[in-house]
Amino acid sequence: MKEKKGNVLNVGLPKGSLQESTLHLFRKAGFNINVGSRSYVPTIDDPELSGLLIRAQEMARYVQDGILDMGLTGRDWVLEQNAKVKEVCPLLYARGGLCPVRWVVAVPNDSPIQRIRDLQGKRVATELVQFTRRYLKKKGVEAQVEFSWGATEVKAPRLADAIVELTETGSSLQANNLRVVETVLESTTVLIANREAWKDPWKREKIENIAMLLQGALRAEEKVGLKMNVGRGDLDRILKVLPALQNPTISTLSEAGWFSLEVIVDQKIVRDLIPVLKKEGASGIVEYPLNKVIP
C-alpha cells in the first residue's frame, strides 16, 4: 500500500505493568515494536505511527491535550483524571491476563469497618485519589483521602484506617491480612483518542483500523483453530459435538467420501474436545494457534 506522506499518528503505549502485555498484543495485531532498555521512544515498523512510552496514570491527560493522538491506558486512570477523550474501544487485558481489574476498599481483618458509611471521618490511602473522593462524596461519606506513593497494602491500620487498592486476584490483600469491604470501580484497558484527532478523517480511519486489529488479536488469545478429516458416515456425529465460532468450513477431499473440517474453538475446551472427536471418527486432527479473529 502506498504510504501517505506526511500523515503520522502519535501513539502512547503504557510503560510499566501493562507494557509487555501491550507489546505482545501489538505483535499479534501485526505491529512489531522495539523498545530500547533506556528509551522512551520505541520504533514501530509502520512509518505512519510514532510511539511514546508513557505511564498509564498520565496517558489520558496527554491524549486529552493533543500531545498524543491515541493511547492505551486503564479506564480507571481516565476517570481519575476526568479526562475529556474519545473512548474508542475496551481491550480486555491486564498485567495478569485477560480479565478486568478492581479497585476495592480494603481494611485489616480485625477492623470494625464493615460498610462504606463506616469510613465517615476516617483516613483512606490510595493512588486513585480524585475518583475515590468523588465516590465517597456520592455515598455521602466525608473522609480524609490521601495519596499513596506505593506499598499501599501495608499502610492500614497504622498509617490509614482503610485503603483503596487495585486487585486482580485478591491474593496480595489476603497476604497483608486485609479484607475487601466494597468494590468501587471495575476497570479494563481502553484505547482512547484525542477528540480533535478523532474528527480528522485519516487519523480516525487509522485509529479504527488499529482498534479492529487489536480486538481481533485479543479474540484470538483464547481460541485455536482445529482441522481434521472426517468420513461421510461420521460427518453428522462430528458436527453435533463440534462447537465453532461460526459454521465449520467443510471441504471435499480428493478421496471419495472424505471431508476436511476446519473450525475455531475456545482453547479451554480443546483438551476435552479432541478425544471426543477422535472417538467419533475424526482423523488427522491438527490444532494451531491464531493471531487474529475478525468477525
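Structure: above.
Description of the structure in this document. Values in this document were obtained by computation on a predicted structure and should not be read as measured data.

Calculation notes
Residues numbered from 1 in each chain as written. Predicted model: local features only at pLDDT ≥ 70, side-chain atom pairs only at ≥ 80, totals over all residues. Heavy atoms only, no water. Salt bridge = Lys/Arg side-chain N within 4 Å of Asp/Glu carboxyl O. Axes fitted to C-alpha atoms, helices over the stretch in contact; angles between N-to-C directions. Helix = DSSP H or I, 4+ residues; strand = E, 2+ residues; numbered from the N terminus. Parallel < 35°, antiparallel > 145°, perpendicular 65-115°, else oblique. Contact = heavy atoms within 4.5 Å. Nonpolar A, V, L, I, M, F, W, Y, C, P; charged D, E, K, R; others polar. Core = buried A, V, L, I, M, F, W, Y, C linked by side-chain atoms within 4.5 Å. Buried < 20%, exposed > 50% of the residue type's maximum accessible area, 1.4 Å probe, protein only.

1. Points about the pattern of salt bridges
- Overall, the coordinates contain 14 salt bridges when judged by the stated rule.
- The residue Asp234 makes a salt bridge to Arg237 at a minimum N-O spacing of 2.5 Å.
- Overlapping salt bridges bring together Asp46, Glu48 and Lys206 as one network.

2. Quick word on the packing of helix 1 (residues 19–29) against helix 7 (residues 201–221)
- Running from N to C, helix 1 and helix 7 point in directions that differ by 100 degrees, and their axes come no closer than 8 Å. Classed by the angle they form, the pair helix 1 and helix 7 counts as roughly perpendicular. Of helix 7, the residues touching helix 1 (which contributes His24, Leu25, Phe26, Lys28 and Ala29) are Ile210, Leu213, Leu214, Ala217, Leu218, Ala220 and Glu221.
- Residues of the contact of helix 1 with helix 7, tallied by class, amount to nine nonpolar, one polar and two charged.

3. What to know about the nonpolar core
- Ranked by size, the top nonpolar core spans 28 residues in total, and within it Phe26, Met70, Leu191, Ile210 and Leu214 carry the most contacts.
- Those elements that provide at least two residues to this core are strand 1 (9–15), helix 1, strand 4 (49–55), strand 5 (70–74), strand 6 (86–91), strand 12 (189–193) and helix 7.
- At seven residues, the largest contribution of residues to this core is made by helix 7.
- Those residues within four positions of Phe26 in sequence are excluded, and the remaining contacts are Leu13, Phe31, Ile33, Met70, Leu72, Ile210 and Leu214.
- Judged by nonpolar contacts, the second largest core, of 21 residues, contains Tyr135, Val141, Val164 and Val184.

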